[in-house]
Structures are given as structure tokens and as C-alpha cells.
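Read off the chains here:
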Amino acid sequence: MKFDTEISKTIIKIAWPAMLEQLLVCMASLVDTAMVGSLGAVATASVAVNVVFVWVSNGLMGAAGTGFSYMIARSVGEKDPAKTRSLGLQSVTCAACVGMFLLTLILCFHQMIPVWMGAAEDVVPHARVYLRIIGYGMVPQALAVMLSSNYRSTGNTRLPLMLSIIANVGNIVGNFLLIYPERDVLLGGRSIHIWGAGMGIKGAASATCASQVFLALMLLFTMRKKESVFGLVLERKAYAVSKSTLFTLKKIGIPVLLERWTLNFGQVVLTSILASLGTVALSAHYLTAQIEGILYMPAYGMSYTATALIGQAIGAGRKSLTKSYMKYICFWGVVLIELFCVPVALGAHVIMELFSSDSGVVALGTKTLFVAAVTEIFFSFFVISSGIFRGAGDVTFSFLVSLIGMWGLRVGMVWAAVNVFRMGIVSVWLIIGVDCMVRMVLCILRLKSGKWLRVG
């Protein structure tokens, strides 16, 4: 393969803001978790017990966003600005509907969800309040997810990055001011009085909700600008969702939704299986999973880039360019992921010490983190390949691979390893690596076959 500098420049230009955005969102989430954790175990549990509903919500928003990403990338490649604009306006309607649906679910069931998830009696009241406040942010969150995805599909990854940075910084500042009470802080030998609302878990939820509202409003504001490819108008008819759009959303969105829910619920089952290994093993597993989340965030950034460029190239009818994008996206994805994983593998012990003071957890976590870092390239390649398949409309394949990997391999093999062969947590992470390797091999075979180009 002759190295094409221009294609590489195009990929890196679009990819780096998307990758950086995913990393910053992940880091902000860790800071948010730490600040809530400072309130005690009850506060942490109040957030954690609602995680399944959060996964369900994010999966629904992400599926709708993927559907419009596919259509908008195609319209950009077809050089049809009227269609691009129309899809952008229709996406606002769909995002609002998804957000209202989720808000309605929360208002109807927020009293029962923590109980259904097995929350302790002292956790239930706080979990209910947290979920209800988060619910008020469902509409703006759905809009933010959708509109950010729309801009990435046009190749504009810098705008979502900048607005996301501002929103996440605002969330952290909001946490700082709303969670804690008024206090005096020593800074440079001087005591500084800092105002605080002292709202606790309510403050954390309110700050998150406010940041989502801000992000949605800023994205809507950018759509009003003349230079924007999406122009907001006051005509109600412009926001009506067409039958063809709904058909494509169904074709693309449902497999994506099932794929995400397959992964999410698989993680829930996996965690329940690992609970029998004991506190130290479970803690090592949890911390490894949290750190691993940082490692594969760049892969998701590259995946968004793949969806946009592949979709645009197919929309333009340029098959050779589509294949070139596929090859170079895979190449640069592997290179960039390894740049993240190698230092983590070499510094696994030092990194684990930053997250735990328990010597047993650190010792075991060092081993699991090393395995995770070494095998991370397998899962990252699957994530990047999924972005390519989505750009081509080949979403059912990604779902089937996830189904086989998570339930056919990971959950089944881990259950056997823990309950039959009495193996430890390090073996579990080796099994996870095998699952991801199988996914990568299946994706490579699909990419080489060229069948993904003939689906959409």
C-alpha cells in the first residue's frame, strides 16, 4: 500500500478533536465520580444504582444519533446541502421526542427503579432524588448527543470538542459549588472563604443537568448561524420527520441500539458473576475497567471519524476512496491506540497506586491492568471497525459480533472459569482479551471481503 499523505492528513485532522473530546469527557466523568464519592458510600451508591437506566438512555440516544450520522454523512458526500439541512432539522424533532420519552419514563418510575435495582434502604431516597433531577436533563442531553453527532458527520469535530470542554468544566465547577457547603480553604498559606450550596447529591445531579442544558443551547445557537450547514427556521413543516427518514432510522438505529444494550447488560451479568471472587478481586476488576475506559476512548473518536468519512465517500460514489479511508483509518487507529496502551502496560503498577491504597488491590490490579493494556488493541480495532461499518450502513454485522462476543464467549467463558474451574480475576481478563481478539478477527475478515460496501 503506497502511503497517501493527503488521506492521512484528512483522517488525523478530523480524528484528533473527536479523540480528545472522548478523553476529556471520560476524565471529567472520573472527576465527577470522585467528587460524588467524597460524600460517602451512600452518595456513590445513589449514583451507581441508576447506572443501568443511564446505559439504556445513552443507548437509545446513541442509536438515534448514529442513524442521523449515517444519513447526514451520505448527504454531505452527495453534495446536497438542502438534504443535509433538512436532516439536521428532523434530527432536532427526533432528539426532542427521545428526550421526552426518557423523561416520562423517569417521572413515572423513578420511585421504583432504585428498589428494582436492589438499593439499600438508606440509599433509595437519595437515588430517587438523583434520578428525578437527572431526568429533567434528558431532553437537552438527547439534543446535545444528536447535534454533536450531526456536526461530526459533516467533518466538523472541533465545534463539539470546544463546547464539550466548556460544558464539562462547567459541570465540575457546578459540582464544586453546589455539592459542598460554605467552607474555608487554605491556599498559599491564606484562608479563602468559598461559597457553597451544600446540596450534596442534589447538587451533583443539578450541575450535570445544567451542563447538558448549556451544551444543547450552544449547539442550537450555532445552528442559527448563516455559515452553519444546519439552519434553524421558524417553519413547523421543516421539522416534520419524513417516512424515508424513519425507515432509515429503523434500519440503522435498531441494530445499534441492540448492540449497545447487549454490551451494557452483559457487563451487569459479568459483574454479578465476579462478585463471588471477593472484595479485592472485584475492586481490582472495577479499577482496571475504569482505567481501560480511558484507553479505548480514542478508539471511539476514530470510530466517529470513520462513520463520517466512509459515509461521505460512499455518498459521493467514490468506491476507491472509501476503501482507502478504510485502510488508513485502521492503520492510524492501531498506531494511535498503541501510543496510549504501551505506557499503561509498562507503568501498570504506578497507575494502579494512584487509584488504590490497598496493597492487595494494587498487586492484583497491576496484573489485570497489564493484560487489559496488552489486549486493548483487539477491542479498539472492533470499535473502529464498527464506525466503518456504520458509515456503510452495515450495522447488523457489528450487532451480531457483539452478541457472539459478549454472550457466546465472554459471559459463558467467565462463568465457567469462575464457577467450574475456580480461576482468578487475571484469568478473567485473559478471557476478555480472547473475546476481543475473536471480534477483531471477524472484523478483519469482513473488511477484507468487501461485503460491508454492498450493504448500505
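Provided above is the structure to which this section pertains.
The structure contained in this document is the topic of the report that follows. As the structure is a computational prediction, the values presented were derived from the model and not from experiment.

1. Notes on the overall build of the protein chain
Stage number 1. Scanning the protein chain from N- to C-terminus turns up 16 helices and two strands.
Stage number 2. Its C-alpha atoms give the protein chain a radius of gyration of 22 Å, near enough to 23 Å, the size a compact globule of 456 residues would have.
Stage number 3. Dimensions of the protein chain, computed from C-alpha atoms along their principal axes, come out at roughly 55 × 55 × 45 Å.
Stage number 4. When each of the 456 residues of the protein chain is scored for burial, the buried share is 53%.
Stage number 5. One way to put it: in the protein chain the 36 positive side-chain charges average out to a point 12 Å from where the 20 negative ones average out.

2. A look at helix H16 (residues 425–449)
Stage number 1. Over its 25 residues, H16 extends 37 Å from the first C-alpha to the last, a length consistent with the 36 Å expected when each residue adds 1.5 Å.
Stage number 2. Positive phi appears at Gly-450, one or two residues downstream of H16, with a value of about 80°.

3. Here we look at the environment of Met-440
Stage number 1. Positionally, Met-440 belongs in helix H16.
Stage number 2. Met-440 gets classed as buried once you look at its relative accessible area, which sits at 15%.
Stage number 3. For the pair Met-440 and Ser-357, spaced 83 residues apart in sequence, the C-alpha separation works out to 35 Å.
Stage number 4. Met-440 has contacts with Ile-377, Phe-378 and Phe-381, leaving out every residue within four places of it along the chain.

4. Description of the packing of helix H3 (residues 51–77) against helix H4 (residues 81–109)
Stage number 1. Remark: H3 packs on H4, axes separated minimally by 10 Å, with the N-to-C direction vectors making an angle of 170°. Accordingly, the angle class assigned to the pair H3 and H4 is roughly antiparallel. Along the contact surface, H3 presents Phe-53, Ser-57, Leu-60, Met-61, Ala-64, Phe-68, Met-71, Ile-72, Ser-75 and Val-76, while H4 presents Lys-83, Thr-84, Leu-87, Gln-90, Ser-91, Cys-94, Val-98, Phe-101, Leu-102, Leu-105 and Ile-106.
Stage number 2. In the contact of H3 with H4, the residues fall into 15 nonpolar, five polar and one charged.

5. Quick word on the pattern of salt bridges
Stage number 1. A complete count under the given rule lists six salt bridges for this structure.
Stage number 2. Note that Asp-394 and Arg-446 form a salt bridge whose closest N and O atoms lie 2.9 Å from each other. Highlighted residues: Asp-394 in the loop between helix H14 (359–392) and helix H15 (395–419) and Arg-446 in helix H16, separated in sequence by 52 residues.
Stage number 3. Asp-394 sits in the buried class, given a relative accessible area of 3%.
Stage number 4. Between Asp-435 and Arg-439 there is a salt bridge, and its shortest N-O distance comes to 2.9 Å. Of the two residues, Asp-435 and Arg-439 are both situated in helix H16; the distance of four residues between them amounts to about one turn of the helix. Take Asp-435 and Arg-439: they sit in the same class, and that class is buried.
Stage number 5. Bridged by salt links that share partners, the residues Arg-410, Asp-435 and Arg-439 form one connected network.

Rules used in this analysis
- Residues numbered from 1 in each chain as written.
- Predicted model: local features only at pLDDT ≥ 70, side-chain atom pairs only at ≥ 80, totals over all residues.
- Heavy atoms only, no water.
- Helix = DSSP H or I, 4+ residues; strand = E, 2+ residues; numbered from the N terminus.
- Rg over C-alpha atoms; globule rule 2.2 N^0.38 Å.
- Buried < 20%, exposed > 50% of the residue type's maximum accessible area, 1.4 Å probe, protein only.
- Lys, Arg positive; Asp, Glu negative; His and termini not counted.
- Charge placed at Lys NZ, Arg CZ, Asp CG, Glu CD.
- Expected span 1.5 Å × (residues − 1).
- Contact = heavy atoms within 4.5 Å.
- Axes fitted to C-alpha atoms, helices over the stretch in contact; angles between N-to-C directions.
- Parallel < 35°, antiparallel > 145°, perpendicular 65-115°, else oblique.
- Nonpolar A, V, L, I, M, F, W, Y, C, P; charged D, E, K, R; others polar.
- Salt bridge = Lys/Arg side-chain N within 4 Å of Asp/Glu carboxyl O.

Honestly, it's all geometry; don't read function into it.
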